[in-house]
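Structure at a glance
The chain contents come next:
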Amino acid sequence: MMQRSLRTLNAPVSRMGGRYMSAAPAVEVTKVSVDKSASTKPNIKHFKIYRWDPEQKQKPFTSTYTVDLNECGPMVLDALIKIKNESDPTLTFRRSCREGICGSCAMNINGTNTLACLCYIDKAAESIKINPLPHMFVVKDLVTDLSNFYDQYKAIKPWLQTKDPESHDLSHGEFLQSKTDRKKLDGMYECILCACCSTSCPSYWWNADRYLGPAVLMQAYRWIEDSRDELTKERLEYLDDSFRLYRCKTIMNCSRTCPKGLNPGKAVASIKKKIADMH
Amino acid sequence: MSSLSGLQRDVLKLYRTLLRTAKNKAGVTHSPLEKLVQRKFREEAHSVHRHDWQIIEHMIRQGYKQKKVMEMPGFSAASIKTYDH
C-alpha cells in the first residue's frame, strides 16, 4: 500500500483524471488523426457482486455482470453506477462524493477493503469480486450496518474538552496552537471514518462489540495528541482496558488497507506507549 | 411451556421490549401504537419460515432500530401503509 505524502493529499484535484494540471503554456498544437479501430473492440470485464435482499426473504447469492471497460470510467464505482443504470437497478450500494473524501463507498474489492471511487478496475484480472465490508451485518446487497462503529466513535468523545470553566465562555476566542503541536495531528485528522481499517482487523471481527477498532482508536489518539485538549489523562484512562485497546495484536491489516494512506496501527502503538508511560 | 430455541427467545424478547416501549410512549395500555406494534410483528412473523434464521436475525436487528426511533422524544405516532401492486 503506497503511503501517500501529505502534499498529494492536499493538492487540488482537477476534473481530468485526478491529476493536477498547471496553467496550460502557449504551445502550437498540430492536428493528429485518431485511429479508432483499436478502441472499438469491446474490453469486457465480469463483476461478481454479492447480493442479498432480506425483504424478499431470499438467501445471499452472487450476481455476475459484464461491463465494457471502453464505455466506462476507470474506477470500480463508475462500473457499479453503470451496472445500476443499465443492467440491474436493484443493485444497492452507498456512494456520495465519488472522489474519496466522504467514505460512503467502502467495500471489499478483490479481497481488499477500499473505497470504490478510488479503486481502479484491474485490467489484468479476469473478474472483479465485490463484497460488502467483511464481518459486518448486511442491510442489503453491499450496504452494511455501521451503527456500532459510529456508537464506538461517539464513546471516545471526539470533541475538545477543557477543564477551565473560563474557556467555555464564548468570549474566550480561539484556542491557540503552535505549528509543531499542529504537526502532531497530521496523518490522523484526514481520517474519513470509512471503516475500511476496522473491518479489516481480525481482532475487530471477533470482538466488534467491545474492541474499539483501529479507526476509532486513531481518532482517540488524535484527541489525546491535540495540545488544546485538557482531559488527556481521562482519555487515556478510558482506553486503558483489556478489550477497548488491548485487543490490538499489531496485526497491521489496518495500515495496509487504509485507502487514504494513513497509519492507524502506529497510532494504536503510540497510545499503548503513552499508557505504559502513565503507569 | 415447551422449550424454546435461542432464536425464538430473542424474538419474544424483542416483542416484549417493543410492547413495553409502546406502552411507555403512549402512557396507557392497548393504545393504537401498541396495536400497531402487534400487527406489524405478527405480519412479519408470518411472512418468514422458522428455519430462515438469517432473515429472522436481520428482522430482530431492524426491530431494535425501530425501538430506538420510538424512544426518541419527537416520536408520537406511526402508521403502516400497504401498496397493492
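Notes on the structure follow.

How each quantity is defined
- Residues numbered from 1 in each chain as written.
- Chains lettered and ligands numbered in written order.
- Predicted model: local features only at pLDDT ≥ 70, side-chain atom pairs only at ≥ 80, totals over all residues.
- Heavy atoms only, no water.
- Helix = DSSP H or I, 4+ residues; strand = E, 2+ residues; numbered from the N terminus.
- Expected span 1.5 Å × (residues − 1).
- Buried < 20%, exposed > 50% of the residue type's maximum accessible area, 1.4 Å probe, protein only.
- Contact = heavy atoms within 4.5 Å.
- Patch = residues over 30% accessible without salt bridge, like charges linked within 9 Å, V, L, I, M, F, W, Y side chains within 5 Å.
- Areas by Shrake-Rupley, 256 points an atom, 1.4 Å probe, with all protein chains shown as cover.
- Salt bridge = Lys/Arg side-chain N within 4 Å of Asp/Glu carboxyl O.
- Lys, Arg positive; Asp, Glu negative; His and termini not counted.
- Charge placed at Lys NZ, Arg CZ, Asp CG, Glu CD.
- Buried area = accessible area lost by both parts, 1.4 Å probe.
- Phe/Tyr/Trp six-rings, centres within 6.5 Å; stacked < 30°, edge-to-face > 60°.
- Lys NZ or Arg CZ within 6 Å of the ring centre and 35° of its normal.

1. A few points about helix α3 (residues 53–71) of chain B
Here α3(B) contains 19 residues, and its C-alpha end-to-end distance of 27 Å stays within 8% of the 27 Å for a straight helix at 1.5 Å per residue. Those residues of α3(B) lying buried are Ile55(B), Ile56(B), His58(B), Met59(B), Ile60(B), Gly63(B), Lys67(B) and Met70(B). Looking at the packing, one finds that the buried side of α3(B) touches β6 (138–140) of chain A together with α1 (6–26) and α2 (32–46) of chain B.

2. As for a negative patch on the surface
All names here are of chain A. A cluster of like negative charges, contributed by Asp 164, Glu 166, Asp 169 and Glu 230, occupies part of the molecular surface. Along the chain, Glu 166 falls in the loop between α3 (147–155) and α4 (179–183). For Glu 166, a relative accessible area of 61% puts it in the exposed group.

3. Here's the deal with the interface of chain A and chain B
Contacts between the two partners involve 13 residues from chain A and, on the opposite side, ten residues from chain B. Summing both partners gives a buried area of about 920 Å² for chain A against chain B, and 56% of it is carried by carbon and sulfur. Considering only the side of chain A, the residues that lose the most area to chain B are Trp52(A), Lys57(A) and Phe137(A), jointly responsible for 48% of the buried surface there. Asp151(A) is paired through a salt bridge with Lys68(B); the nearest N and O atoms lie 3.8 Å apart.

4. Remarks on the packing of aromatic side chains
Applying the stated criterion across every chain, the model contains four aromatic pairs over all chains. Plain terms: the ring middles of Tyr15(B) and Phe41(B) are 4.6 Å apart, the flat faces sit at 35° to each other, and that makes the pair tilted. With a gap of 26 residues between them, Tyr15(B) in helix α1 and Phe41(B) in helix α2 connect regions that are remote in the sequence. By relative accessible area, Tyr15(B) is classed as buried at 17%. The ring centre of Tyr238(A) lies 4.1 Å from the NZ or CZ of Arg244(A), which sits over that ring. In this arrangement the basic side chain of Arg247(A) is found over the ring face of Phe243(A), its NZ or CZ atom lying 4.6 Å from the centre.

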